[in-house]
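Residues per chain are reported as follows:
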Amino acid sequence: MIWVKKYRDNYGEVVVLCDKDLYGKRFEEGEFVLEINDFFKGEEKENISDEDIKDCYFIYAVGEKSVKILKEKNIISDEDVKRIKNIPYVFVLLI
């Protein structure tokens with residue numbers, strides 16, 4: 001399962017995608033920390049539709065499933081993905 005959470009700021013809509021099984025975990029690598037807390041907790045979904053990311057200007061995705069969906073939708077490529085303790089994450093700015 002994937003969590004989908006939407007935030008609105010001065011620039012528009014931000015979508016956060018996160019693999020549900022990562023909740024409550026903390027990953028550290030050097031000076032980098034990835035902590036999966038309530039910021040990521042949203043609506044549970046099996047998959048992400050185009051409607052879920054329509055009109056957003058920024059996507060933050062964490063976890064194998066979440067990142068894979070963005071690859072399948074051709075929003076990102078393998079080169080865009082970073083990892084902390086082998087957990088993939090990506091920031092996407094859509095212009």
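Structural data are supplied above this passage.
The present account deals with the structure reproduced in this document. Since this is a predicted model, take the numbers as computed values, not measurements. (Residues numbered from 1 in each chain as written. Predicted model: local features only at pLDDT ≥ 70, side-chain atom pairs only at ≥ 80, totals over all residues. Heavy atoms only, no water.)

### Re the nonpolar core
Threshold: Side-chain atoms within 4.5 Å link the members of a nonpolar core, which is a set of buried Ala, Val, Leu, Ile, Met, Phe, Trp, Tyr and Cys residues. Exposure is judged per residue with a 1.4 Å probe applied to protein chains only, and the accessible area is read against the type maximum: over 50% gives exposed, under 20% gives buried, and values in between give partly exposed. By definition, any uninterrupted DSSP run of H or I lasting at least four residues is a helix, any uninterrupted run of E lasting at least two residues is a strand, and each is numbered from the N terminus. The criterion used for residue contact is that any of the two residues' heavy atoms lie within 4.5 Å.
Judged by nonpolar contacts, the single largest core of 16 residues is most densely connected at Leu17, Ile48, Ile59, Leu70, Ile76 and Val90. Listing elements by their share of this core, those giving two or more residues are strand S1 (2-9), strand S2 (12-19), strand S6 (56-62), helix H2 (64-72) and strand S8 (87-93). Ignoring anything within four residues of it in the chain, the contact list for Ile59 reads Val15, Leu17, Ile53, Leu70, Val90, Phe91, Val92 and Leu94. In terms of nonpolar packing, the next biggest core, distinct from the first, is built from 14 residues, Cys18, Leu34, Tyr60 and Ile87 among them.

### With respect to the pairing of S1
Stated formally: A pair of strands is considered paired only if DSSP assigns at least 2 bridges between the two.
Pairing analysis gives 8 bridges linking S1 to S2, with the strands arranged antiparallel. Considered in S2, the bridge of Arg8 is made with Glu13. Two successive antiparallel strands, S1 and S2, enclose a turn made up of 2 residues. Here 3 bridges tie S1 to strand S5 (residues 43-45), and the two strands are oriented antiparallel to one another. Considered in S5, the bridge of Trp3 is made with Glu44.

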